[in-house]
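So the chains spell out like this:
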Amino acid sequence: MSTAEKNPKKDAGKSQPNAETVVEMHNVRKSFGDKEVLKDISLSLKRGENLVILGRSGQGKSVTIKCIVGMLTQDEGTVTVLGEEVAELDDKELKELRIKVGFLFQSGALYDSMTVRENLEFPLTRVLKMNDQEEIDRRVEEVLDSVGLADAIDKMPSELSGGMRKRVGLARTLIVHPEIMLYDEPTTGLDPITSREISDLILQMQKKYKTSSIIITHDMECAEIIADRLIVLNNGLFVAEGTYQELEKSDKEFVRSFFK
Amino acid sequence: MSEQTIPAYKRWFEETGEQVSFFTAFFRNVFRGGFEWSEFVRQCYEIGYKSITLVGVTSFIMGVVLTLQSRPTLVKFGASSMLPLMVCVSIVREIGPVITAIICAGKLSSGIGAELGSMKVTEQIDAMDVSGANPMQYLVVTRILATTFMIPLLTMMGDVIALFGGFLAVNLADSTSWTLYFNKCINSITFVDLLPAFIKTIFFGFAVGFVGCYKGYNSNSGTESVGKAANSAVVNASLWIFFLDVLAVQITQLLFY
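Residues numbered from 1 in each chain as written. Chains lettered and ligands numbered in written order. Predicted model: local features only at pLDDT ≥ 70, side-chain atom pairs only at ≥ 80, totals over all residues.

Trainee: Sorry if this is basic, but what is going on with the overall build of chain A here?
Mentor: Helix and strand content of chain A: ten helices and ten strands. For 260 residues, the compact-globule estimate of 2.2 N^0.38 gives 18 Å, and chain A sits close to it at 18 Å. Reported as C-alpha extents along the three principal axes, the dimensions of chain A are approximately 55 × 50 × 35 Å. Taking all 260 residues of chain A together, the buried fraction comes to 42%. In chain A, the proportion of contacts linking residues at least 24 apart, taken out of those at least 6 apart, comes to 67%. (Helix = DSSP H or I, 4+ residues; strand = E, 2+ residues; numbered from the N terminus. Rg over C-alpha atoms; globule rule 2.2 N^0.38 Å. Buried ≥ 20, exposed ≤ 12 C-beta atoms within 10 Å, placed from the backbone. Contact = placed C-beta atoms within 7 Å.)

Structure, rendered in structure tokens:
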């Protein structure tokens, strides 16, 4: 079965060639001590696009998206998100930007002392400062329904499976309606069926909430389902860029090795 | 440069700098507004209410033991009637605040260190930060203020229970009435005994919360660091309590005697 047959809705999320750029990294370098992790990274993400970053472990994929959201500051170069240069922002401006940029951690990073409902209410009450309980309940139920976990609303994170935790993590990120989503290995540690479900869910959510996404993954099936465009990172440099089909036939052995 | 190759004195300066920066961040967030009242009350319950049994039992035993140990010496000098005075002054001025704070360092600093350490390792603190929420205000400010508020109350409760333990111990050998014992106790202490003792418990409470939060919040990635955070929180909080106690005694001596 071809990718298009498996994912008939995929084209709906594809970006237009002349769409607005929402994330732009220009000649970014980042070192930790003597180790230079990002050597000269430049990338751009268009509105509505799904960009997948591929690469071996320890090559700087997570560092790249942490620079986008201001969790790390680059040593050189510029990172511009929704027209604002991240390194130039003060605390208040950075907080406002972060509301527009969702970040899904590898583990889901659910607050384990809170129920699923409290996890989802947290960004609404603490970040958006909402206090209308009816509206909060409506948004919590809507987003949980979207990820197919309406029944888990009063469960503790410890009672959820790995896939459920990622769904709740995704719901918690989407509940504030971000414009950009950053996914750090969303399918790592999941079985192939759950992994496919999460990939499909990411695509559905992108369509529903009209987000632009950068996805870090090693999971080629996930990349095939989600990606409009892929970038391959090796030794702190982007070594290839293209669609899934283009990179599958790349003349570079290193790039083709991901598709075997 | 890796952590192993940094000389110890440089690491010490680095850590001191980080603690100062954490300290200023705490106060900035206390006065920033949007105080988390519900979380503060929950922490007061977790920290205060759930420590009542431990502090109560320890204080009772402390009162009994102090009385039993002191009595033979006082009897030898014909000063057994001074026993309530001695027990009361010892407990109120020194033993009550220090022992309660040390127990709280063991129970609360390690608990806070481990809890925040595991939140750091599982990226919960990063998730809170990156969502635009303020983890410092939600996790740190509430915990430090809760220990600062609850440890003085626990100490007062512990002092009363220790005196009650002393009363029971006195009655093991002699027959002393409840009224006489407590009259002697109350007459033996003055404002100068009570006020400095109470003020230092506020600082002890702050140290217990601050050290636990600092160690947990700044732990490295990896499960090993959770244990390290809990362990170093207890050790450092205990050292801070003794250091603050010495300082408090010196200041009290200068101001009141």
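Structure's up, so let's keep going.
Trainee: Any chance you could explain the nonpolar core here in plain terms?
Mentor: Nonpolar side chains in soluble globular proteins tend to end up buried together. Ranked by internal contacts, the top residues of the largest apolar core, which has 128 residues, are Val-52, Ala-171, Leu-182 and Ile-226 of chain A together with Ala-207, Val-208 and Ala-237 of chain B. The biggest single contributor to this core is helix 4 (residues 83–121) of chain B, with 17 residues. Excluding residues that lie within four positions of it along the chain, Ala-207 of chain B makes contacts with Ala-237, Trp-240, Ile-241 and Leu-244 of chain B. (Core = buried A, V, L, I, M, F, W, Y, C linked by C-beta atoms within 7 Å.)

Trainee: Looking at this structure, I do not really get the environment of Lys-252 of chain A. What am I missing?
Mentor: All names here are of chain A. One can find Lys-252 in the loop between helix 9 (244–248) and helix 10 (253–256). Residue Lys-252 is classed as exposed on the basis of its C-beta count, with 12 C-beta atoms lying within 10 Å. Residues Lys-252 and Glu-121, 131 residues apart in the sequence, show an inter-C-alpha distance of 47 Å. Contact partners of Lys-252, with chain neighbours within four places excluded, come to Val-239 and Ala-240.

Trainee: Please explain the interface of chain B and chain A as it appears in this structure.
Mentor: Interface size is often expressed as the accessible area that is lost when the parts come together. Taken residue by residue, the interface counts twelve residues in chain B and 15 residues in chain A. Looking at side-chain class alone, the side of chain B that touches chain A contains five nonpolar, five polar and two charged residues. (Nonpolar A, V, L, I, M, F, W, Y, C, P; charged D, E, K, R; others polar.)

Trainee: Would you mind going over the sheet that holds strand 2 (residues 35–46) of chain A with me for this structure?
Mentor: Residue and element names in this part refer to chain A. Taken in spatial order, the four strands line up as 2-1-4-5 in an open sheet, and their pairing is antiparallel. The outermost strands of the open sheet, each flanked by one partner alone, are strand 2 and strand 5 (84–85). Pairing analysis gives two bridges linking strand 4 (residues 76–81) to strand 5, with the strands arranged antiparallel. Counted as the bridge partner of Thr-80 is Glu-85 from strand 5. (Pairing = 2+ DSSP bridges.)

Trainee: Quick question: what am I supposed to make of the packing of helix 6 (residues 162–174) of chain A against helix 7 (residues 192–209) of chain A here?
Mentor: Helix packing geometry: the angle between the two helix axes and the distance between the axes. All names here are of chain A. Look at helix 6 against helix 7: their axes get within 11 Å of each other, and the N-to-C directions meet at 15°. Taken together, the axes of helix 6 and helix 7 lie roughly parallel to each other. Between helix 6 and helix 7 the crossing geometry is right-handed. From helix 6, Gly-163, Lys-166, Arg-167, Leu-170 and Leu-174 reach across to helix 7, where they touch Thr-194, Glu-197, Ile-198, Leu-201, Met-205 and Tyr-209. Its residues placed into classes, the contact of helix 6 with helix 7 shows six nonpolar, two polar and three charged. (Axes fitted to C-alpha atoms, helices over the stretch in contact; angles between N-to-C directions. Parallel < 35°, antiparallel > 145°, perpendicular 65-115°, else oblique. Left-handed = near helix turned anticlockwise from the far one by under 90°.)

Trainee: How should the sheet that holds strand 3 (residues 50–55) of chain A be read in this particular structure?
Mentor: Remark on secondary structure: sheet strands pair via backbone hydrogen bonds, oriented parallel or antiparallel. Residues and elements named next belong to chain A. An order of 6-7-8-3-9-10 is seen for the six strands of this open sheet, with the pairing classed as mixed. Sheet topology places strand 6 (101–104) and strand 10 (237–242) at the edges, where each strand pairs with a single neighbour. Ignoring which end each strand starts from, the neighbouring axes of this sheet average 20° apart. Note that strand 9 (residues 229–234) and strand 10 share five bridges and pair antiparallel. By the bridge assignment for strand 10, Asn-234 is matched with Leu-237.

Trainee: What should I look at first to understand helix 4 (residues 116–127) of chain A in this one?
Mentor: Given 3.6 residues per helical turn, the α-helix brings residues three or four places apart onto the same face. Residues and elements named next belong to chain A. Helix length check: helix 4 (twelve residues) gives 17 Å between terminal C-alpha atoms against 16 Å at 1.5 Å per residue, within 8%. The complete set of buried residues in helix 4 reads Val-116, Asn-119, Leu-120, Glu-121, Pro-123 and Leu-124. Where helix 4 is buried, its residues meet helix 5 (133–146) and helix 6. Where helix 4 terminates, the next one or two residues include Lys-129, which has phi positive at roughly 55°. (Expected span 1.5 Å × (residues − 1).)

Trainee: Is there a simple way to think about the pairing of strand 3 of chain A in this case?
Mentor: Within a regular strand, side chains alternate between the sheet's two faces. Residues and elements named next belong to chain A. Counting buried positions over the six residues of strand 3 gives six, a clear majority of the element. Of the two faces of strand 3, the one lined by Asn-50, Val-52 and Leu-54 and the one lined by Leu-51, Ile-53 and Gly-55 are each fully buried. The pairing of strand 3 with strand 8 (residues 212–216) spans four bridges and is parallel. The residue bridging Asn-50 from the neighbouring strand is Ser-213, located in strand 8. Judged from the five bridges that link them, strand 3 and strand 9 form a sheet pairing that is parallel. Each residue of the ladder has a partner; that of Leu-54, found in strand 9, is Val-232.

Trainee: Hey, could you run me through unusual backbone geometry in this one?
Mentor: Glycine aside, residues mostly have negative phi, and peptide bonds are mostly found in the trans state. At Leu-82 of chain A, a residue that is not glycine, the phi angle is positive and equals roughly 50°. Along the chain, Leu-82 of chain A falls in the loop between strand 4 and strand 5. In the Ramachandran plot, Glu-123 of chain B falls in the positive-phi region, its phi being about 65° despite a non-glycine side chain.

Trainee: Would you take a moment to explain helix 2 (residues 61–68) of chain A for this structure?
Mentor: Residue and element names in this part refer to chain A. Across the eight residues that make up helix 2, a large majority, eight, are buried. Along helix 2, the positions that sit buried rather than exposed are Lys-61, Ser-62, Val-63, Thr-64, Ile-65, Lys-66, Cys-67 and Ile-68. The first or second residue beyond helix 2 is Gly-70, which carries a positive phi of 80°.

Taken by themselves, the reported measurements are silent on function.
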